[in-house]
Amino acid sequence: MDIRHLRYFVTVAEEASFTRAAARLHLAQPGVSAQIRQLERELGQPLLDRSGRSVTLTEVGEAVLPYARAALTAVEAVGQAVEEFTGLLRGRVAIGIVSGGGAYEFDMAAVLAGFHDEHPQVEIALTEDTSERMLAALTRGELDIAVVGVADEEPPPGISLQVVIDEPLVAAVARDDPARTGTGRTGIPLAELRDRPLISLPRGTGVRAVLDRACEQAGFRPRIAFEAAAPLFLARLAARGLGVAVVPALSADVVSAYGLRTLEITQPPLRGRVALAWRTGCQAGPATTVFLDLLRTTLAAPVLNRRTGSLGSPSGD
């Protein structure tokens, strides 16, 4: 079996198009199509359904895809293992970061730039998406590492997590909001948000999962008036009096600049957690291993538990 055939097959599956796959591979479309048909003849089964407007996987193709990706990874790792003896790291690392992740305390751009300076021959692919979709992409092998919001204590099967941010969720409101009545009030019970228009991160994010689950357990459905991926944009909407933004704890500078007041959500207290996630049970390439070690060192300092004021060790080892 020619490794090129597997590479063409994986590329077409990812692009859902022979035309886009050929452009990505810098080849002519008829050549890509012919090579994949040769692979299908060798296997004795069709891998791609060409009958629709876009190319989709057949049932056999779905089963073959993870093994094709694993074979390509193994071949790449062979070359990387040899190159390690020369001190030159090569390869590709696919990283995902939760939507709006640039607003968090760690500087992912600086981490990426430092890694690129140290290992210029490593290709870095960066994706921003919801936590739910990125965890699924990790499981399928489409991502190597992801920074995700998490709602559950236990990671999905085959995934390891290391918490890098653990902070309370707060209700951010305009200065004249009725929720601020009462001298020195610093918290708000979740039940008080039952009939309020809420401004939230979209479904598929860790914070939204925490909110939806807590409301369900409290016996009501949250009334979501606005949703967006960036926590700071949610804060701006709240500052305009459009609702109560449920967001991770905001810095004093943001609260002051936007003219907000924040109340920690209580009864029950809700927490927003961001974690570093990676696959377990499979051999990662050298480039992925080096970058993961860098992230675990850079991002995984002891996590500040803002509710108790204590330092907690990262979990997920």
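Being a predicted model, the structure only gives us computed values, none of them experimental.

Peer 1: Please provide a residue-by-residue account of the packing of helix α1 (residues 3–15) against helix α2 (residues 18–25), values included.
Peer 2: Following both chains from N to C, one finds α1 and α2 inclined at 125°, their axes separated by 8 Å at the closest point. In terms of axis orientation, α1 runs oblique to α2. With respect to the hand of their crossing, α1 and α2 are arranged in right-handed fashion. The residues of α2 that touch α1, namely those facing R7, Y8, T11, V12, E14 and E15, are F18, R20, A21, R24 and L25. Taken together, the residues of the contact of α1 with α2 sort by class into five nonpolar, one polar and five charged.

Peer 1: Go over α2 with me, naming the residues and quoting the values.
Peer 2: Of all the residues in α2, the buried ones are F18, A21, A22 and L25. All buried residues of α2 lie within an arc of 100° about the axis, which places them on one face of the element. Where α2 is buried, its residues touch α1, α3 (29–43) and β1 (48–49). Sitting at the amino-terminal end of α2 is S17, which places a side-chain oxygen 3.2 Å from the backbone nitrogen of T19. Downstream of α2 by one or two residues, H26 has phi in the positive range, about 60°.

Peer 1: Account for the pattern of salt bridges, naming residues and giving values.
Peer 2: A complete count under the given rule lists 17 salt bridges for this structure. Here R24 and E15 are joined by a salt bridge, their closest N and O atoms 2.9 Å apart. Classification of R24 by relative accessible area gives partly exposed; the value is 41%. Note on E15: relative accessible area 22%, which makes it partly exposed.

Peer 1: An account of the pairing of strand β12 (residues 271–279) is needed here, citing residue identities and associated values.
Peer 2: The buried count for β12 comes to seven of nine residues, which makes it a mostly enclosed element. As paired strands, strand β5 (residues 145–150) and β12 are joined by six bridges and run antiparallel to one another. The residue bridging A146 from the neighbouring strand is A277, located in β12.

Peer 1: Tell me about the side chain of D166, and please be specific about residues and values.
Peer 2: Tracing the backbone through its elements, the reader meets D166 in strand β6 (residues 159–174). At 2.8 Å, the side chain of D166 forms a polar contact with the side chain of R271. Separated by 3.5 Å, the side chains of D166 and R273 make a polar contact.

Peer 1: Describe the packing of helix α5 (residues 108–118) against helix α10 (residues 286–299), and please don't skip the residues or the numbers.
Peer 2: Here α5 crosses α10 at 140°, and the two axes come no closer than 11 Å. Between α5 and α10, the angle is such that the two are oblique. Classified by chirality, the crossing of α10 by α5 is right-handed. Counting all contacts with α5, which are made through M108, V111, L112 and F115, the residues of α10 involved are A287, V290, F291, L294, L295, T298 and L299. Per-class residue counts for the contact of α5 with α10 are 10 nonpolar, one polar and no charged.

Peer 1: Quick rundown of the nonpolar core? Include the residues and the values.
Peer 2: One finds L190, L193, L250 and I265 to be the most contacted residues of the largest nonpolar core, which totals 34 residues. Looking at this core, the elements with two or more residues in it are β6, β8 (198–200), α7 (206–218), α8 (231–239), β10 (244–248), α9 (252–258) and β11 (260–266). In this structure, I265 is in contact with L169, V170, A171, I188, L190, L193, V246 and L270, ignoring residues within four places of it in sequence.

Peer 1: Account for the pairing of β6, with residues named and values stated.
Peer 2: Counting buried positions along β6 yields 16 of 16 residues, so the element is predominantly enclosed. Taken together, the nine bridges between β6 and β12 define a ladder with antiparallel strand orientation. Of the residues in β12, the one forming a bridge with D166 is R273. Relative to β10, β6 is paired through four bridges, and the arrangement is antiparallel. Its bridge partner lying in β10, A172 is registered against A245. Here five bridges tie β6 to β11, and the two strands are oriented antiparallel to one another. Bridge assignment links V173 to a residue of β11, and that residue is R261.

Calculation rules
Residues numbered from 1 in each chain as written. Predicted model: local features only at pLDDT ≥ 70, side-chain atom pairs only at ≥ 80, totals over all residues. Heavy atoms only, no water. Axes fitted to C-alpha atoms, helices over the stretch in contact; angles between N-to-C directions. Helix = DSSP H or I, 4+ residues; strand = E, 2+ residues; numbered from the N terminus. Parallel < 35°, antiparallel > 145°, perpendicular 65-115°, else oblique. Left-handed = near helix turned anticlockwise from the far one by under 90°. Contact = heavy atoms within 4.5 Å. Nonpolar A, V, L, I, M, F, W, Y, C, P; charged D, E, K, R; others polar. Buried < 20%, exposed > 50% of the residue type's maximum accessible area, 1.4 Å probe, protein only. Arc of directions from axis to C-beta. Polar contact = N/O pair within 3.5 Å; in protein donor to acceptor, adjacent residues only side chain to side chain. Salt bridge = Lys/Arg side-chain N within 4 Å of Asp/Glu carboxyl O. Pairing = 2+ DSSP bridges. Core = buried A, V, L, I, M, F, W, Y, C linked by side-chain atoms within 4.5 Å.

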